[in-house]
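Chain by chain, the residues run as shown.
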Amino acid sequence: MASDGNTDVRPFPPVNVPEEQLEDLRSRIKATRWPERETVADDSQGVPLAVMQDLARYWAAGYDWRKCEARLNALPNFVTEIDGIDIHFIHVRSEHEDAFPIVICHGWPGSIVEQLKLIGRLTDPTAHGASASDAFHVVIPSMPGYGFSAKPTGTGWDPVHIAKAYVKLMRRLGYSRFGAEGGDWGAVVVDAMAGGRGDPAANEPAPPELVGIHTNMPGVIPPELFGAAFVGTPAPSGLSDEERSTYEQLLKFFATHVAYGLIMGTRPQTLYGLADSPIDLAAFMIDHGDGSGQPGLVQQVLEGRLQRPSDLTRDDILDNITLFWLTNTGVSSARLYWENKLTFFGAKGVSIPVGVSTFVDEIYHAPRSWAEQAYPKLVSYNQHDRGGHFAAWEQPDLLSQDVRATFKSLRAAAMGEERAAA
């Protein structure tokens, strides 16, 4: 959707994908020209052929996009123009008095689909074992170039620009105090929203409305260690056992799974297959490993060999991939890597209150020692023995609990300030 210059908040029209587009998708899946099987017995060469062919059979003949469409249409969807780009977002207000506003930020290869499980848990906490005083008004934007938001036609939409746009969005919705939560790119965005740039000379004050952030991919890696891990330097001396383990996770990730980020960060326009082949798009999005160098939970779900309990399903995965396909955002979403100038995992100089969740199958575990250095106002820190990179999908109960814990004291202080000002 292109911007028409209208900065009002407008209802987003119901999603109703023409049936011929779904038929085209199924036809393309069935017409896939497959390569030969990998020459190894594991996934060290990429997503295995058998995994992709099994997914293709279900995607073409058993999967029902209309169910996802109905879930999206059951929610309040809106759009507003910010800096020349139409930003789509879901906005669900809680019925509980004194609910606190929060903007929840997705990443790649994610979308608003990834956060849908959080909405009820945060807006209606009493239905999920929590107190009415833990309620949130929830705003979930689609990043520019992703999903139903417009695609930038020029350069400059990096995480810092997106962070500032989200602040403008929350102000436009009338929120004078709010929090933010993010994972993957969303974690980089919330660090940037809080003024973190990774360079003391470039860091900015957080906007006064932002009372704190929560992150499930915390930027805590000391800069010198991030660079050393990227080039494969063995762990330096002086690290604790936990810090050394995290460093070794980064070594494995950079050695086995970072190629997707390098190609998007340097040559995103070359990835024409993401727009032409649904199987290419799916494989590219699925090939996201964890800190052990093993397949991520998404691939484990598709292989039917989950090692730990997870809420993630095959339909969840296909809902997300199908949204990318139907909106033709494989390449436009990849350009964010090219635009980015911030470190992914490194400390960025955030000085406002922060809550951290670290999940066992994340790309790396964030040691508390590094979290305390990166976030001097750390108000909540939780390690979990299940869950991975896509926490909102995989462990929505745990993530919701951590978000509530982070903002329990912050919301009280913020609301007290508002009442005093009134």
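Quick caveat, the model's predicted, so the values are computed rather than measured. (Residues numbered from 1 in each chain as written. Predicted model: local features only at pLDDT ≥ 70, side-chain atom pairs only at ≥ 80, totals over all residues. Heavy atoms only, no water.)

Brief notes about the overall build of the protein
Alright, step 1. The number of helices and strands found in the protein is 17 helices and 9 strands.
Alright, step 2. Against the 2.2 N^0.38 benchmark of 22 Å for 422 residues, the protein shows a C-alpha radius of gyration of 21 Å, consistent with a compact globule.
Alright, step 3. The principal-axis extent of the C-alpha atoms belonging to the protein is close to 65 × 55 × 45 Å.
Alright, step 4. Across the 422 residues that make up the protein, the buried fraction comes to 58%.
Alright, step 5. Taking as baseline every contact in the protein between residues at least 6 positions apart, the subset at least 24 positions apart corresponds to 79%.
Alright, step 6. Total accessible area on the protein stands at roughly 16800 Å², and carbon and sulfur atoms take up 51% of it. (Helix = DSSP H or I, 4+ residues; strand = E, 2+ residues; numbered from the N terminus. Rg over C-alpha atoms; globule rule 2.2 N^0.38 Å. Buried < 20%, exposed > 50% of the residue type's maximum accessible area, 1.4 Å probe, protein only. Contact = heavy atoms within 4.5 Å. Areas by Shrake-Rupley, 256 points an atom, 1.4 Å probe, with all protein chains shown as cover.)

Notes on unusual backbone geometry
What you tend to see is this: most non-glycine residues have negative phi, and most peptide bonds are trans.
Alright, step 1. Omega for the bond connecting Trp-108 with Pro-109 falls within 30 degrees of zero, at 0°, which places this linkage in the cis form.
Alright, step 2. We note that Asp-83 has phi near 55°; this positive angle belongs to a residue other than glycine.
Alright, step 3. With respect to the helices and strands, the residue Asp-83 is situated in the loop between strand 2 (77-82) and strand 3 (85-92).
Alright, step 4. Accessibility expressed as a relative area gives 38% for Asp-83, which makes it partly exposed.

A look at a nonpolar patch on the surface
Alright, step 1. Residues Phe-230, Val-231 and Leu-262 make up a contiguous nonpolar surface patch of roughly 290 Å² in combined accessible area.
Alright, step 2. You can see Phe-230 is positioned in helix 7 (residues 223-230).
Alright, step 3. Take Phe-230: its relative accessible area is 41%, and that puts it in the partly exposed class. (Patch = residues over 30% accessible without salt bridge, like charges linked within 9 Å, V, L, I, M, F, W, Y side chains within 5 Å. Salt bridge = Lys/Arg side-chain N within 4 Å of Asp/Glu carboxyl O.)

A word on the state of the cysteines
Alright, step 1. A complete count under the given rule lists 0 disulfides for this structure.
Alright, step 2. Distance from the sulfur of Cys-105, which forms no disulfide, to the nearest cysteine sulfur (Cys-68) is 20 Å. (Disulfide = S-S within 2.5 Å.)

Topic: helix 1 (residues 19-30)
Alright, step 1. In this model helix 1 runs 17 Å from its N-terminal to its C-terminal C-alpha over 12 residues, within 8% of the 16 Å that 1.5 Å per residue would give.
Alright, step 2. For helix 1, the full list of buried residues reads Leu-22, Leu-25 and Ile-29. For helix 1, the angular spread of buried residues about the axis comes to 55°, placing them on one side. Residues of helix 1 that are exposed and point more than 90 degrees away from the buried face comprise Glu-20 and Lys-30. (Expected span 1.5 Å × (residues − 1). Arc of directions from axis to C-beta.)

Brief notes about the packing of aromatic side chains
Alright, step 1. For the structure on display, the rule yields 22 aromatic pairs.
Alright, step 2. Pairing Trp-108 with Phe-284 gives two aromatic rings, centres 5.8 Å apart and planes at 70°, and the pair type is edge-to-face. Placement of the pair is Trp-108 in the loop between strand 4 (100-105) and helix 4 (116-123) and Phe-284 in helix 11 (residues 278-286), with a sequence separation of 176 residues. Note on accessibility: Trp-108 and Phe-284 belong to one class, buried. (Phe/Tyr/Trp six-rings, centres within 6.5 Å; stacked < 30°, edge-to-face > 60°.)

Considerations on the sheet that holds strand 9 (residues 378-388)
Alright, step 1. One open sheet holds the 9 strands; their spatial order is 1-2-3-5-4-6-7-8-9, and the pairing between them is mixed. The two strands at the open ends of the sheet, each matched to only one other strand, are strand 1 (10-11) and strand 9.
Alright, step 2. The pairing of strand 7 (residues 210-215) with strand 8 (residues 354-361) spans 3 bridges and is parallel. Bridge pairing links Thr-215 to Val-356 in strand 8.
Alright, step 3. Along the sheet face, helix 4 touches strand 3, strand 4 and strand 5 (136-141) and points at about 165° away from the line of strand 5.
Alright, step 4. Each of strand 2, strand 3, strand 4, strand 5 and strand 6 (178-182) touches helix 5 (residues 159-172); the most contacted strand, strand 2, lies at about 120° to it. (Pairing = 2+ DSSP bridges. Axes fitted to C-alpha atoms, helices over the stretch in contact; angles between N-to-C directions.)

Some thoughts on helix 11
Alright, step 1. Across the 9 residues that make up helix 11, a large majority, 7, are buried.
Alright, step 2. Along helix 11, the residues classified as buried are Pro-278, Ile-279, Leu-281, Ala-282, Phe-284, Met-285 and Ile-286.

Concerning the pattern of salt bridges
Alright, step 1. Under the criterion given, the structure shown has 22 salt bridges.
Alright, step 2. Here Asp-319 and Arg-71 are joined by a salt bridge, their closest N and O atoms 3.7 Å apart. Remark: Arg-71 occurs in helix 3 (residues 65-73) and Asp-319 occurs in helix 13 (residues 314-327); sequence separation between them is 248 residues.
Alright, step 3. Judged by relative accessible area, Asp-319 falls into the buried class, the value being 5%.

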